[in-house]
Amino acid sequence: MDKNTKEQMNEEMADVQLIIGKILRLGVMISATVMLVGLVLLIVKGNGGYPNNAFPTDFTDIWAGIAALKPYAIMMLGIFLLILTPVLRVVVSIYSFYREGDNLYVVITTIVLVILAISFIFGILR
């Protein structure tokens, strides 16, 4: 690999690292904003929108609650978005390692993504 190719790869990897940082910051900001909207609605309405202060635990209930502007459902969406933020970082890391040609880390990071997906599926099925 010549010097120009190495410099170009280093610049691209720096760009990918900046993108990863922006994804993490943006994900946290969006989820915090959604949570804040839910909190404001909770304060305004005086309750979470569910009997006995229950909260939605599956996607169907969460989406229906969001459509009905139920505070607890909106806050659950914020938590879900916060959980998805590092998962998106793992996906971008797979791409980054692939572009670097680091196949070992592509495999390891893909295994991490599969484990995250399996745990997410088991959490839904529970």
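Residues numbered from 1 in each chain as written. Predicted model: local features only at pLDDT ≥ 70, side-chain atom pairs only at ≥ 80, totals over all residues. Heavy atoms only, no water.

Observations concerning the nonpolar core
- Listed in full, the 5 residues of the largest apolar core are Val34, Leu41, Ile74, Leu77 and Phe80.
- Where this core is concerned, the elements lending two or more residues are α1 (3–45) and α3 (71–100).
- Here this core gets 3 residues from one element, more than from any other, and that element is α3.
- Those residues in contact with Leu41 that sit more than four places away from it in its chain are Gly46, Leu69, Pro71 and Ile74. (Core = buried A, V, L, I, M, F, W, Y, C linked by side-chain atoms within 4.5 Å. Buried < 20%, exposed > 50% of the residue type's maximum accessible area, 1.4 Å probe, protein only. Helix = DSSP H or I, 4+ residues; strand = E, 2+ residues; numbered from the N terminus. Contact = heavy atoms within 4.5 Å.)

Observations concerning a nonpolar patch on the surface
- Together, Val114, Ile118, Phe120, Ile121, Phe122, Ile124 and Leu125 make up an exposed nonpolar region whose accessible area comes to about 690 Å².
- Looking at the element boundaries, Phe122 is found in helix α4 (residues 103–125).
- A relative accessible area of 57% means that Phe122 is categorised as exposed. (Patch = residues over 30% accessible without salt bridge, like charges linked within 9 Å, V, L, I, M, F, W, Y side chains within 5 Å. Areas by Shrake-Rupley, 256 points an atom, 1.4 Å probe, with all protein chains shown as cover. Salt bridge = Lys/Arg side-chain N within 4 Å of Asp/Glu carboxyl O.)

Observations concerning the environment of Tyr95
- Secondary-structure assignment places Tyr95 in helix α3.
- Linking Tyr95 and Thr110, residues 15 residues apart in sequence, is a C-alpha distance of 10.0 Å.
- Among residues more than four places away in sequence, those in contact with Tyr95 are Glu12 and Val16.

Digging into the packing of aromatic side chains
- Inspection of every chain in the model, using the stated rule, returns 4 aromatic pairs.
- With centroids separated by 5.9 Å and ring planes inclined at 35°, the aromatic side chains of Phe80 and Phe120 adopt a geometry described as tilted. Of the two residues, Phe80 is situated in helix α3 and Phe120 in helix α4; the sequence distance between them amounts to 40 residues.
- Within the aromatic cluster, the residues linked to one another by ring pairs are Phe59, Phe80 and Phe120. (Phe/Tyr/Trp six-rings, centres within 6.5 Å; stacked < 30°, edge-to-face > 60°.)

What to know about the packing of helix α2 (residues 59–67) against α3
- Direction vectors running N to C along α2 and α3 enclose 120°, while the axes themselves pass 8 Å from each other. Classed by the angle they form, the pair α2 and α3 counts as oblique. Relative to α3, α2 is oriented so that their crossing is left-handed. Here Phe59, Ile62, Trp63, Gly65 and Ile66 of α2 come into contact with α3, specifically with Ala73, Ile74, Met76, Leu77 and Phe80. (Axes fitted to C-alpha atoms, helices over the stretch in contact; angles between N-to-C directions. Parallel < 35°, antiparallel > 145°, perpendicular 65-115°, else oblique. Left-handed = near helix turned anticlockwise from the far one by under 90°.)

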